[in-house]
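Report on the structure
Letter by letter, the chains look like this.
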Amino acid sequence: MIIDIDFNSDEAIYIQLRNQIVVGIATAQLSVGDSLPSVRQLADVIGINMHTVNKAYSVLKQEGFIKLDRRKGAVVAIDYDKCIATEQLMRMLQVLLAGAMCKQISREEVHDMVDQVYDSFSCDHVEKED
């Protein structure tokens, strides 16, 4: 998986890193059990501060996308509570959809975008419990 950080973006670097790892998991570029580079390795490769990588890994751990192991480092390990994940998604969607409505983006356009993005992911490994 290639990490591409936009240093000119208004989005924080640790959030960009977190988002790319989540997309990597959703698109099966990263699988459960895969080890991520160490904090130092990833910081060196990308050219960012180690604390930034550490913050991204901490967020991913809190969100249940990785586990941190003293011997193996950061490992992809999807651990989630569907109810909590649904509540978090609902809160994020409320803000996104409110913004879309303010900009005259229709319900149908939103549905089309959601379908397009969802179809671009390989979610077979995530949908096991449905």
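Cut-offs used in this document
Residues numbered from 1 in each chain as written. Predicted model: local features only at pLDDT ≥ 70, side-chain atom pairs only at ≥ 80, totals over all residues. Heavy atoms only, no water. Core = buried A, V, L, I, M, F, W, Y, C linked by side-chain atoms within 4.5 Å. Buried < 20%, exposed > 50% of the residue type's maximum accessible area, 1.4 Å probe, protein only. Helix = DSSP H or I, 4+ residues; strand = E, 2+ residues; numbered from the N terminus. Contact = heavy atoms within 4.5 Å. Expected span 1.5 Å × (residues − 1). Arc of directions from axis to C-beta. Polar contact = N/O pair within 3.5 Å; in protein donor to acceptor, adjacent residues only side chain to side chain. Axes fitted to C-alpha atoms, helices over the stretch in contact; angles between N-to-C directions. Parallel < 35°, antiparallel > 145°, perpendicular 65-115°, else oblique. Left-handed = near helix turned anticlockwise from the far one by under 90°. Nonpolar A, V, L, I, M, F, W, Y, C, P; charged D, E, K, R; others polar. Patch = residues over 30% accessible without salt bridge, like charges linked within 9 Å, V, L, I, M, F, W, Y side chains within 5 Å. Areas by Shrake-Rupley, 256 points an atom, 1.4 Å probe, with all protein chains shown as cover. Salt bridge = Lys/Arg side-chain N within 4 Å of Asp/Glu carboxyl O. Lys, Arg positive; Asp, Glu negative; His and termini not counted. Charge placed at Lys NZ, Arg CZ, Asp CG, Glu CD. Pairing = 2+ DSSP bridges. UniProt positions renumbered as here; feature names shortened; annotations may be inferred.

What follows concerns the nonpolar core. Side chains of a nonpolar character, in soluble globular proteins, are inclined to be buried together. Counting residues in hydrophobic clusters, the biggest one holds 18 residues, and the most contacted among them are Leu17, Ile21, Leu36, Val53 and Tyr57. Of all elements in the fold, only helix H1 (13-26), helix H2 (39-46), helix H3 (50-62) and strand E2 (73-76) reach the threshold of two or more residues within this core. Non-local contacts of Val53, meaning those with residues more than four positions away in its chain, are made with Leu17, Val39, Leu42, Ala43 and Ile48.

Here we come to H3. Over its 13 residues, H3 extends 18 Å from the first C-alpha to the last, a length consistent with the 18 Å expected when each residue adds 1.5 Å. Here H3 has its buried residues at Val53, Ala56, Tyr57, Val59 and Leu60. Considered in projection along H3, the buried side chains sweep an arc of 160 degrees and stay on one side of the axis. Exposed residues on H3 whose side chains face more than 90 degrees from its buried face are His51 and Gln62. Tucked into the core, H3 has its buried residues touching H1, H2, strand E1 (66-69) and E2. Structurally, the start of H3 carries an N-cap: the backbone nitrogen of His51 is 2.7 Å from a side-chain oxygen of Asn49. Just downstream of H3, Gly64 is the residue with a positive phi angle, here 80 degrees.

With that out of the way, let us pick up the packing of H1 against H3. It is at 8 Å that the axes of H1 and H3 come closest, and there the two elements cross at 50 degrees. Looking at the two axes, H1 sits oblique to H3. In the packing of H1 onto H3, the handedness of the crossing is right-handed. Residues Ile13, Tyr14, Leu17, Arg18, Ile21 and Val22 of H1 form the contact with H3, whose participating residues are Thr52, Val53, Lys55, Ala56, Tyr57, Val59 and Leu60. The residue inventory of the contact of H1 with H3, partitioned by class, reads ten nonpolar, one polar and two charged.

Turning our attention to H1. If you check H1, its first and last C-alpha atoms are 20 Å apart, about what 14 residues at 1.5 Å a residue would give, namely 20 Å. Within H1, the full set of buried residues consists of Gln16, Leu17, Arg18, Ile21, Val22, Gly24, Ile25 and Ala26. Considering only its buried residues, H1 is in contact with H2, H3 and E2. Phi for Ala28, located one or two positions after H1, is positive at around 65 degrees.

Now for a negative patch on the surface. On the surface, Glu108, Glu109, Asp112, Asp115 and Asp119 cluster together into a negatively charged patch. You can see Glu108 is positioned in helix H5 (residues 107-120). Taking the relative accessible area as the measure of exposure, Glu108 reaches 52% and is therefore exposed.

The pairing of E1 with E2 spans four bridges and is classified as antiparallel. Bridge pairing links Asp69 to Gly73 in E2. Linking E1 to E2, which pair antiparallel, is a turn of three residues.

Another aspect to go through is the UniProt feature "domain: HTH gntR-type" (unreviewed entry) in the chain. The positions that UniProt labels "domain: HTH gntR-type" (unreviewed entry) are, in the present scheme, residues 11-79. Summarising residues 11-79: 51% helix, 12% strand, and an end-to-end C-alpha distance of 26 Å.

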